[in-house]
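Reading the structure
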Amino acid sequence: MATADVTVMGAGVFGLSVAYACARKGAVVRVIDPHGVASGSSGGLVGALAPHVPENWNDKKAFQFESLIMAEAFWRDVADLSGVDVGYARSGRLQPLADARAVDLARARAQTANALWQGKAQWEVIASGQAGWMPPSPTGLVVHDTLSALIHPRRATRALADAVIALGGEILADGDHQGKVVWATGWPGMQEIGGNGVKGQAALLRFDAAGQPQLFADSLHIIPHGDGTVAIGSTSEREFDDPFSTDAALDDVLERAMLAFPILHGAEVLERWAGVRPRSKSRAPVLGAHPTRAGDYIANGGFKIGFGIAPKVGAVMANLVLDGDDQIPEGFRA
Ligand SMILES: Cc1cc2nc3c(=O)[nH]c(=O)nc-3n(C[C@H](O)[C@H](O)[C@H](O)COP(=O)(O)OP(=O)(O)OC[C@H]3O[C@@H](n4cnc5c(N)ncnc54)[C@H](O)[C@@H]3O)c2cc1C
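What you are looking at is a predicted structure, and each value in this text was computed from that prediction instead of being measured.

Moving on, we get to empty space enclosed by the protein. In total, this model carries two cavities of 30 Å³ or more according to the counting rule given. Counted as a void, the largest cavity has a volume near 40 Å³. For the largest cavity, the full set of lining residues is P51, H52, W57, K61, Q64, F65, L68, W117 and L147. Split into classes, the residues belonging to the lining of the largest cavity amount to six nonpolar, two polar and one charged. Volume-wise, the second largest cavity comes out at about 30 Å³. Along its surface, the second largest cavity is lined by W183, T185, G189, E192, H290, R293, I298 and N300. Only α5 (186-192) and β16 (297-300) provide two or more residues apiece to the lining of the second largest cavity. Counted by class, the lining of the second largest cavity contains two nonpolar, four polar and two charged residues.

The following block contains the structure:
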């Protein structure tokens, strides 16, 4: 193989999205990860590609919005190149509304979303009805948005790796740095620059609701994957001893999910999983010049929305690294 133009350290969704975007622009890329593809927080189960609330608009929300809009074409290309079904579906999201105040706020947000989402997606308050895949709602109303999508995170990360290989790149456990170097090392890399990790636990149930909208209730994501499973997540733990174990905190998440959505009662638990999200001090992604490795670059801080913003992270990093074209929002710099 020719000497690489870009070496990416870390085979999670950030590193692989950067490698894929660089390879798509014609660069020769190599990705190095001693632990293997999807061995970090990208190897999970949940996969909500869902927007923040449409108010107090800022760089992060605009970046996320653009990435969510890019996602369908991005993941279709990755699936085509890799031959792997990444489980992407823009099937929307339902959120029950607890009281009159929540309904007022949701209606105000519908107007803001109309203005900010440029007609590309809608946020509306609708009657919840009783039957089927509809969460109980004390007010009889739910928010329905058409921007939210879902993906199978572990499969999508593996598909990205295969897409990088299909474009002539290589994924290695070890190797030298060739060309420009991008550090996308997740939680360990975040600790190096003063950020931290937030552990999350999630579970996968056998329950077929393929094609239905995802639910967000009691701060939980309930994600009906296309393969006849439903993912439930997640805990959010700043303090933890074992990053990769699951425990009673996940039992509590499952109990809350069943309360919010009784239709799931009795569903078999297929898998319990834990990982650590990379969180920067500002909670924003950290993209651009690496703050401590002179001449290198960083792509980190995906925190709770790493999959949602990965398509745009790849695009802006490839433009910066290959062309010197810097479109990175100010607040994302290290
Ligand atoms: C329970 C849970 C639920 C989540 N739910 C969602 C969700 O619904 N939607 C969403 O968008 N996001 C979600 N996230 C967040 C998302 O998973 C992360 O933001 C994303 O995976 C971060 O990707 P990354 O590539 O930066 O890090 P990682 O996936 O952790 O990848 C970093 C990689 O770097 C490697 N590495 C470390 N050190 C080195 C080194 N020195 N050299 C080379 N390689 C190295 C590691 O082995 C690892 O493979 C969730 C996270 C968790 C834990």
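Here the narrative resumes.
Another aspect to go through is the side chain of D145. For D145, the location among the structural elements is in strand β6 (residues 141-145). Among the polar contacts made by the side chain of D145, one reaches the side chain of R93 at a distance of 2.8 Å. A polar contact is formed between the side chain of D145 and the backbone nitrogen of L147, at a distance of 3.0 Å. Those residues in contact with D145 that sit more than four places away from it in its chain are P51, G92, R93, Q95, W117, Q122 and W123.

Take the sheet that holds strand β11 (residues 214-217) next. With respect to topology, eight strands assemble into an open sheet ordered β5-β6-β4-β11-β12-β13-β10-β14, the strand pairing being mixed. The strands lining the two open edges of the sheet, one partner per strand, are β5 (123-127) and β14 (269-279). Strand-to-strand twist across the sheet, computed as the mean angle between neighbouring axes with direction ignored, equals 25 degrees. The pairing of strand β10 (residues 196-206) with strand β13 (residues 229-233) spans five bridges and is classified as antiparallel. Across the sheet, L204 pairs through a bridge with A231, a residue of β13. Packing against the sheet, helix α3 (residues 100-116) makes contact with β5 and β6, and its axis sits at approximately 140 degrees to β5. Sitting on the sheet, helix α6 (residues 248-260) is in contact with β10, β11, β12 (220-224), β13 and β14, with an inclination near 55 degrees to β10.

Counted according to the given criterion, the structure contains 16 salt bridges. Residue D323 pairs with K25 through a salt bridge whose shortest N-O separation is 2.9 Å. With D323 in helix α7 (residues 306-323) and K25 in the loop between α1 (13-24) and β2 (29-32), this residue pair connects regions lying 298 residues apart in the sequence. Between E66 and K312 there is a salt bridge; the shortest N-O distance is 2.8 Å. In this pair, E66 is assigned in helix α2 (residues 59-82) and K312 in helix α7, connecting sequence segments 246 residues apart. Since its relative accessible area comes to 37%, E66 is described here as partly exposed.

Our next topic: the site of the ligand. Around the ligand, the surrounding shell holds 34 residues, and the nearest of these are D33, S42, A48, F303 and F307. Contact between the ligand and D33: an oxygen atom at 2.6 Å from a side-chain N or O atom of the residue. Contacts to the ligand include A48, whose backbone N or O atom sits 2.8 Å from a nitrogen atom. Against a free-state accessible area of 1000 Å², the protein chains account for coverage of 91% of the ligand. Broken down by secondary-structure element, the contributors of at least two residues to the shell around the ligand are α1, α5, β10, β14 and α7. Of the residues assigned to the shell around the ligand, the class counts are 13 nonpolar, 18 polar and three charged.

Definitions and limits used
Residues numbered from 1 in each chain as written. Predicted model: local features only at pLDDT ≥ 70, side-chain atom pairs only at ≥ 80, totals over all residues. Heavy atoms only, no water. 1 Å grid on protein atoms, 1.4 Å probe; cavity = no way out; pocket = protein on both sides within 12 Å on 5 of 7 lines; lining within 4 Å. Points joined across faces, edges and corners; volume = space filled by probe spheres on them. Nonpolar A, V, L, I, M, F, W, Y, C, P; charged D, E, K, R; others polar. Helix = DSSP H or I, 4+ residues; strand = E, 2+ residues; numbered from the N terminus. Polar contact = N/O pair within 3.5 Å; in protein donor to acceptor, adjacent residues only side chain to side chain. Contact = heavy atoms within 4.5 Å. Pairing = 2+ DSSP bridges. Axes fitted to C-alpha atoms, helices over the stretch in contact; angles between N-to-C directions. Salt bridge = Lys/Arg side-chain N within 4 Å of Asp/Glu carboxyl O. Buried < 20%, exposed > 50% of the residue type's maximum accessible area, 1.4 Å probe, protein only. Near = heavy atom within 4 Å. Areas by Shrake-Rupley, 256 points an atom, 1.4 Å probe, with all protein chains shown as cover.

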